[in-house]
Amino acid sequence: MTKYVPSRLVRWAGYLAVAFVIPYVFVAPSSRLLVSTALIYALLAAGWNLTLGFGGIFNFAHAGMFGIGGYAMAIATLRWQWDSLPSLAFAVLVGAIVGGLTYLPVIRMRGIYVALITFVFVQISYHLVLALPDLTGGSNGLPGVPAITIAGQNLARFGGLGYLWLLGAAVAAMLIVLELIMASPFGHSLVALRDNEQLARSRGINRIRQQFIAFVISGAMAGLTGALYVAYFRVADVSLFGFGLVTLGLSMIFLGGTRQIWGPVLGAVVVTLADHRLTGLDAWRPVVFAAGTIAVLIFAPGGISAALTRGASILRERLTNPGRQETGGPGQNPDRSVEHV
């Protein structure tokens, strides 16, 4: 008797397998740089989607938490001479704290007001970095961030092989954690608040508590992503809080799809590859991404992942029921069309 293996475990094994083989598929330095960038953006978009997609909260502060996590990593390693792993943990902690603090001003807000306040937070973070040059380096930033070292091994060696494994494992781990979160009562309550807040509150769900927890978790993920970004590119500067990063992250999420956990990861890969191909367009690149995002929102509101999911469902149905007739069962005239019925 064949033992049943849950599809969730198969999917998780697939995530880890892809993370393991990536360094062997992409061996050229230029391709490894491109893939590493895509993986970092995948982490950014997947963590952001917890509040934006599943929570339905117009949270632009995720980009600010990302930047703060990056600066936390740079300050811990350069100013305080901490090792890599404690610095990463510190960035995660700082991101979580900032995520919780960011939610406090928007507790009573809804819709566009949440978007405005959280975007203001990004601008405050930008000016705060400039106002503390002794700590943050001001407009010069903090260059020379040391590469991550684990068990005495520098991940930047051998063409960045270690970074590819680390980033791939981080994306796989984040997808698994997000699946566990969304399958839990907390995840169900977050979606319930998004879909029908009044009904959810009438069933005893505490909106403030659940959304606060979502901001804390999202902030921790953003802090980790920012720390990995700074450790990979070896510099922290004010571009981490740039408006371009906000629009790029939103493009990844909406193109990939907000209702699928892996959708933003797919969107990050597509946008990163497209951005690389469109380098010759210079200032026209944001226009192309904006037009593409608008087209997807109009013609495929669920994003690329939703379209792929629907296509896979249709294909599966046709393969499992090849002889099924759409017009019905015994006794019905097969010549009658649906329109006639």
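Data block above holds the structure.
Since the structure is predicted, the reported quantities are computational estimates derived from the model, not experimental observations.

Q: Even after reading the chapter, I still don't get unusual backbone geometry, so can you show me in this structure?
A: As a rule of thumb, non-glycine residues mostly have phi less than zero, and peptide bonds are mostly trans rather than cis. Here Gln81, not a glycine, exhibits a phi torsion of approximately 60 degrees, which is positive. For Gln81, the location among the structural elements is in the loop between helix 3 (62–79) and helix 4 (84–103). Classification of Gln81 as exposed rests on a relative accessible area of 60%. You will see that Arg234, though not glycine, has its phi angle at about 70 degrees, which is positive.

Q: So what exactly am I meant to see when it comes to the environment of Arg203 here?
A: In this structure, Arg203 sits in the loop between helix 9 (197–202) and helix 10 (207–233). Here Arg203 falls in the exposed class, since its relative accessible area comes to 68%. Along the chain, Arg203 and Ser189 lie 14 residues apart, while their C-alpha atoms are 9.9 Å from each other.

Q: What's the story with the packing of helix 11 (residues 243–256) against helix 12 (residues 263–277) in this structure? I'm lost.
A: Each packed pair of helices is defined by two parameters, the angle between the axes and the distance between the axes. In contact at an axis separation of 7 Å, helix 11 and helix 12 are set at 120 degrees when each is read in the N-to-C sense. Comparing the axis directions of helix 11 and helix 12 gives the class oblique. The handedness of the crossing between helix 11 and helix 12 is right-handed. In this structure, helix 11 uses Leu248, Ser251, Met252, Ile253, Leu255 and Gly256 to contact helix 12, whose residues at the interface are Gly263, Pro264, Gly267, Ala268, Val271 and Thr272.

Q: How do you make sense of the nonpolar core when you look at a structure like this?
A: Looking at soluble globular proteins, one finds that nonpolar side chains tend to be buried together. If you look at the biggest cluster of nonpolar residues, it comprises 87 residues, and the most contacted ones within it are Trp48, Tyr71, Ile148 and Leu240. No other element matches helix 2 (residues 29–54), which puts 13 residues into this core. Setting aside residues up to four positions removed in sequence, Leu240 forms contacts with Ala63, Phe66, Gly67, Gly70, Tyr71, Tyr229, Val230 and Leu245.

Cut-off values and rules
- Residues numbered from 1 in each chain as written.
- Predicted model: local features only at pLDDT ≥ 70, side-chain atom pairs only at ≥ 80, totals over all residues.
- Heavy atoms only, no water.
- Helix = DSSP H or I, 4+ residues; strand = E, 2+ residues; numbered from the N terminus.
- Buried < 20%, exposed > 50% of the residue type's maximum accessible area, 1.4 Å probe, protein only.
- Axes fitted to C-alpha atoms, helices over the stretch in contact; angles between N-to-C directions.
- Parallel < 35°, antiparallel > 145°, perpendicular 65-115°, else oblique.
- Left-handed = near helix turned anticlockwise from the far one by under 90°.
- Contact = heavy atoms within 4.5 Å.
- Core = buried A, V, L, I, M, F, W, Y, C linked by side-chain atoms within 4.5 Å.

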